[in-house]
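Observations on the three-dimensional arrangement
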Amino acid sequence: MLTEGEKKVLRTFRQYLMDPGRMLCFTGPMLATHKNSLSKLVKREYLVPESFKGAYSLTNAGFQAMRTCGK
């Protein structure tokens, strides 16, 4: 089960119509707010941290979770 914070992160990826492997940058307050959820999603192997600060991309599993996490 995903936490509400993890669902919010995945909904952000959906908002920008992200596909697996495409990078999305979280900056400023948004990065600070979602820091724990982003870390949890990386541990679940739903996201991959990129070398750019605050940048993450979806894995295939993350893409599937994004599509089913609700609105």
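Just above, that's the structure.
Now for a description of the structure that goes with this document. Bear in mind that the values here come from a model prediction, so they are computed numbers and not experimental data.

The next thing to look at is the environment of Arg-22. Within the secondary structure layout, Arg-22 lies in the loop between α1 (4–15) and β1 (23–25). Take Arg-22: its relative accessible area is 42%, and that puts it in the partly exposed class. Those residues in contact with Arg-22 that sit more than four places away from it in its chain are Leu-17, Tyr-56, Ser-57 and Leu-58.

The end-to-end C-alpha separation of helix α2 (residues 28–43) is 22 Å, in line with the 22 Å expected for 16 residues at 1.5 Å each. Residue Lys-35 marks the point of greatest curvature in α2, where the axis turns by about 60°. Three or more residues of α2 are buried, namely Leu-31, His-34, Ser-37, Leu-38 and Leu-41. Next to the buried residues of α2 lie α1, β2 (47–49) and β3 (55–58). Phi for Glu-45, located one or two positions after α2, is positive at around 65°.

Further remarks concern the pattern of salt bridges. This model, assessed by the stated rule, comprises two salt bridges. Here Glu-6 and Arg-44 are joined by a salt bridge, their closest N and O atoms 3.3 Å apart. Taken together, the residues span a long stretch of sequence, with Glu-6 in helix α1 and Arg-44 in the loop between α2 and β2 at a distance of 38 residues. Assessed through its relative accessible area of 36%, Arg-44 is described here as partly exposed.

Analysis parameters
Residues numbered from 1 in each chain as written. Predicted model: local features only at pLDDT ≥ 70, side-chain atom pairs only at ≥ 80, totals over all residues. Heavy atoms only, no water. Helix = DSSP H or I, 4+ residues; strand = E, 2+ residues; numbered from the N terminus. Buried < 20%, exposed > 50% of the residue type's maximum accessible area, 1.4 Å probe, protein only. Contact = heavy atoms within 4.5 Å. Expected span 1.5 Å × (residues − 1). Bend = angle between axes of the 7 residues up to and from the residue. Salt bridge = Lys/Arg side-chain N within 4 Å of Asp/Glu carboxyl O.

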